[in-house]
Amino acid sequence: MKTSRFTIYLLFAVLSVNGFVACDKNEMDPFTEKENALAPIIPQYVNHTVIATYRSLADATIDLYQSIDNLKKEKTAAHLNTATQSWIKTRAHWELSEAFLFGAVADFGIDPHIDTWPLDEVTFVQTINNSDFIESMDADDGDVWAADHLGFALLGFHGIEYILFRDGAPKEVDNITDGELIYAHAVAGDLRNQCVRLEASWAGIDAITAEKKQLIEDLELAITPSNSPISYGENMLLAGEPGSTYRTVANAVAAIISGCIDISDEVGDVKIGTAYNKDDVNYIESPYSYNSKVDFTDNIKSIENAYLGGADASKRGASISDYIKSVDAELDASVRSAITNAIAKINAIPYPFAKNYASAEAGTALNTCQDLTETLEKVKSAIEE
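1. Things to note about the packing of helix 4 (residues 77-95) against helix 15 (residues 292-308)
Interhelical geometry of helix 4 versus helix 15 gives an angle of 40° and a closest axis separation of 8 Å. With respect to their mutual orientation, helix 4 and helix 15 come out oblique. Considering how the two elements wind past one another, helix 4 and helix 15 form a crossing that is right-handed. Of the residues in helix 15, those in contact with Arg91, Ala92 and Glu95 of helix 4 are Asp295, Asp298, Asn299 and Ser302. Looking at the contact of helix 4 with helix 15 residue by residue, the classes come out as 1 nonpolar, 2 polar and 4 charged.

Now the structure itself:
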């Protein structure tokens, strides 16, 4: 006898109801159980990894801008030393944020805006020698002019680095021209603006200082996702709920790991690998300050902070590590070991990287970063399965 499709649907419905009745009413379905297990990771990550890092970065850029302002007003070795130390400190906070190059930093193009390398040295010289450009950058809104008229290869960290450093040390203060200091001052102002924007984008406009809020409002900088009134932090905190771009909590946690994978891959295959494989030996990050190895290790530490639940070890809480340990303790141990090994092998590259990019140690560091990437891919699969 031929069974109708309606009969099949009716039978399925009856069996389904009976199945639900037979289940223990206290038993949680696997999807909900997993979502509940992952949920505490999100507020810990948003507040103690992302916002904490961006707040430190924004504060550091304000200090960097002030140190260059002091150097511009009074060109002394003491002011130069303060400015170079401030650049190194600010640089560290930025590199510690690179495990989350998504959200505002991607949507507003902030990463290429402030961290494109190598510096376009030819155009830089032309810019410094253009009196009209220097006059524009010396105005009260020189930071805005720089953002509007200088290309990415002239803005951000590396334009400032080129002016302040040479061969891994501060330049002789008398070798820095007034035009270069005007340039550095304008670019540092723009760097400050973009990093304050990052903090506001994740924390929300009402969670930043009055000084920062005034800066955002004066410059009319967009700080929320397109067509959304909520901050990037709130968007992630609402994962799995209406109004969030993250359909589930697992989607949000997978995005966190994707950010870690992206920077692990970049450190190994791009930051180290491009020069090591001789694809472009000039493609070296932070070559004037010789800060490359510090950049690389801070990138791996940014992965560690994201995975272990906080930028400050004393304030860590619920983490991806906790969850992975609960479902696959061996994988969690492998991730921790891969992070430690990548940092150790990067530190083993002879200093400076700019002169030792072809060393055997650089090749080993590249391989350990690739190992870390592969291990993090397994973590992502465990979250998404």
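There's plenty left to go through after this.
2. Here's the deal with the nonpolar core
In terms of nonpolar packing, the biggest core is built from 102 residues, with Trp202, Met236, Ile272, Ile300, Ile320 and Ile383 touching the most fellow members. Top element by residues in this core is helix 14 (residues 249-276). It accounts for 14 residues. Not counting residues within four places of it along the chain, the set of residues in contact with Ile383 comprises Lys34, Leu38, Ala250, Val253, Ala254, Ile257, Ile320 and Ile324.

3. Examining a negative patch on the surface
Together, Asp262, Asp265, Asp269, Asp371, Glu374 and Glu377 give the surface a local cluster of negative charge. Listing elements by their share of the negative patch, those giving two or more residues are helix 14 and helix 19 (360-384). Mapped onto the elements of the fold, Glu377 is located in helix 19. Residue Glu377 is classed as partly exposed on the basis of its relative accessible area of 39%.

4. Section: the pattern of salt bridges
In total, this model carries 17 salt bridges according to the counting rule given. Of the charged contacts in the structure, one is a salt bridge between Asp178 and Lys75, with a shortest N-O distance of 3.6 Å. Of this pair, Asp178 sits in helix 11 (residues 178-203) while Lys75 sits in the loop between helix 3 (41-73) and helix 4, and the two are 103 residues apart along the sequence. For Asp178, a relative accessible area of 55% gives the class exposed. Classification of Lys75 as partly exposed rests on a relative accessible area of 31%. Across the pair Lys213 and Asp206 runs a salt bridge whose closest N-O atoms are separated by 3.3 Å. Through salt bridges with shared partners, a single network forms among Arg91, Glu95, Glu98, Asp115, Lys271, Glu285 and Asp295.

5. Re unusual backbone geometry
With glycine set apart, most residues show a phi of negative sign, and most peptide bonds adopt trans. With an omega dihedral of -5°, the bond running from Trp117 to Pro118 counts as a cis peptide bond. Structurally, Pro118 can be placed in the loop between helix 6 (110-115) and helix 7 (121-128). Residue Pro352 is reached from Tyr351 by a cis peptide bond, and omega for that bond is -5°. Positive phi, close to 55°, is recorded for Asp167, a residue that is not glycine. Among the secondary structure elements, Asp167 is positioned in the loop between strand 1 (165-166) and strand 2 (169-170). The backbone of Tyr290 sits at a positive phi, close to 60°, despite the residue not being glycine. Locating Tyr290 in the fold gives a position in the loop between helix 14 and helix 15. Tyr290 sits in the buried class, given a relative accessible area of 14%.

6. Quick look at the environment of Gly168
Relative to the assigned elements, Gly168 resides in the loop between strand 1 and strand 2. In the structure, Gly168 is positioned 184 residues away from Pro352 in sequence and 8.2 Å away in space, judged by C-alpha atoms. For Gly168, the contacting residues outside a window of four places in its chain are Tyr288, Ser289, Tyr290 and Tyr351.

7. Considering the packing of aromatic side chains
All told, the structure shown has 15 aromatic pairs when counted by the stated rule. Both rings, one in Phe108 and one in Tyr232, keep their centres 6.1 Å apart while their planes meet at 80°; by these two values the pair is edge-to-face. Of the two residues, Phe108 sits in the loop between helix 5 (104-107) and helix 6 while Tyr232 sits in helix 13 (residues 232-237), which places them 124 residues apart along the sequence. On the accessibility criterion, Tyr232 (6% relative accessible area) is buried. Seen from their ring centres, Tyr162 and Tyr288 are 5.0 Å apart, and the 80° between their planes marks the pair as edge-to-face. Here the residue Tyr162 occupies a position in helix 10 (residues 156-164), and Tyr288 occupies one in the loop between helix 14 and helix 15, the gap between them amounting to 126 residues. Taken together, the ring pairs connect Trp87, Trp94, Phe157 and Phe165 into an aromatic cluster.

8. With respect to the confidence of the model for the chain
Mean pLDDT for the chain: 93, with 93% of residues reaching 70 or above. Contacts for the low-pLDDT stretch residues 1-23, under 50 throughout, to residues beyond four places or in other chains number 1 contact.

9. Considering the layout of surface pockets
In this structure, the largest pocket spans a volume of roughly 220 Å³. What lines the largest pocket is simply Pro118, Leu119, Glu121, Val281, Asn282, Ile284, Pro287, Tyr288, Tyr290, Ala354, Lys355 and Tyr357. Of the residues that constitute the lining of the largest pocket, the class distribution is 9 nonpolar, 1 polar and 2 charged.

10. A few points about the packing of helix 17 (residues 329-347) against helix 19
Contact geometry of helix 17 with helix 19 gives a least axis separation of 9 Å together with a crossing angle of 155°. The angle between helix 17 and helix 19 falls in the class roughly antiparallel. Considering only the axes of helix 17 and helix 19, their crossing is left-handed. Residues Leu331, Ser334, Val335, Ala338, Ile339, Asn341, Ala342, Lys345 and Ile346 of helix 17 form the contact with helix 19, whose participating residues are Glu361, Thr364, Ala365, Thr368, Cys369, Leu372, Thr375, Leu376, Lys378, Val379 and Ala382.

The rules we used
Residues numbered from 1 in each chain as written. Predicted model: local features only at pLDDT ≥ 70, side-chain atom pairs only at ≥ 80, totals over all residues. Heavy atoms only, no water. Axes fitted to C-alpha atoms, helices over the stretch in contact; angles between N-to-C directions. Helix = DSSP H or I, 4+ residues; strand = E, 2+ residues; numbered from the N terminus. Parallel < 35°, antiparallel > 145°, perpendicular 65-115°, else oblique. Left-handed = near helix turned anticlockwise from the far one by under 90°. Contact = heavy atoms within 4.5 Å. Nonpolar A, V, L, I, M, F, W, Y, C, P; charged D, E, K, R; others polar. Core = buried A, V, L, I, M, F, W, Y, C linked by side-chain atoms within 4.5 Å. Buried < 20%, exposed > 50% of the residue type's maximum accessible area, 1.4 Å probe, protein only. Patch = residues over 30% accessible without salt bridge, like charges linked within 9 Å, V, L, I, M, F, W, Y side chains within 5 Å. Areas by Shrake-Rupley, 256 points an atom, 1.4 Å probe, with all protein chains shown as cover. Salt bridge = Lys/Arg side-chain N within 4 Å of Asp/Glu carboxyl O. Lys, Arg positive; Asp, Glu negative; His and termini not counted. Charge placed at Lys NZ, Arg CZ, Asp CG, Glu CD. Phe/Tyr/Trp six-rings, centres within 6.5 Å; stacked < 30°, edge-to-face > 60°. pLDDT = per-residue confidence, 0-100. 1 Å grid on protein atoms, 1.4 Å probe; cavity = no way out; pocket = protein on both sides within 12 Å on 5 of 7 lines; lining within 4 Å. Points joined across faces, edges and corners; volume = space filled by probe spheres on them.

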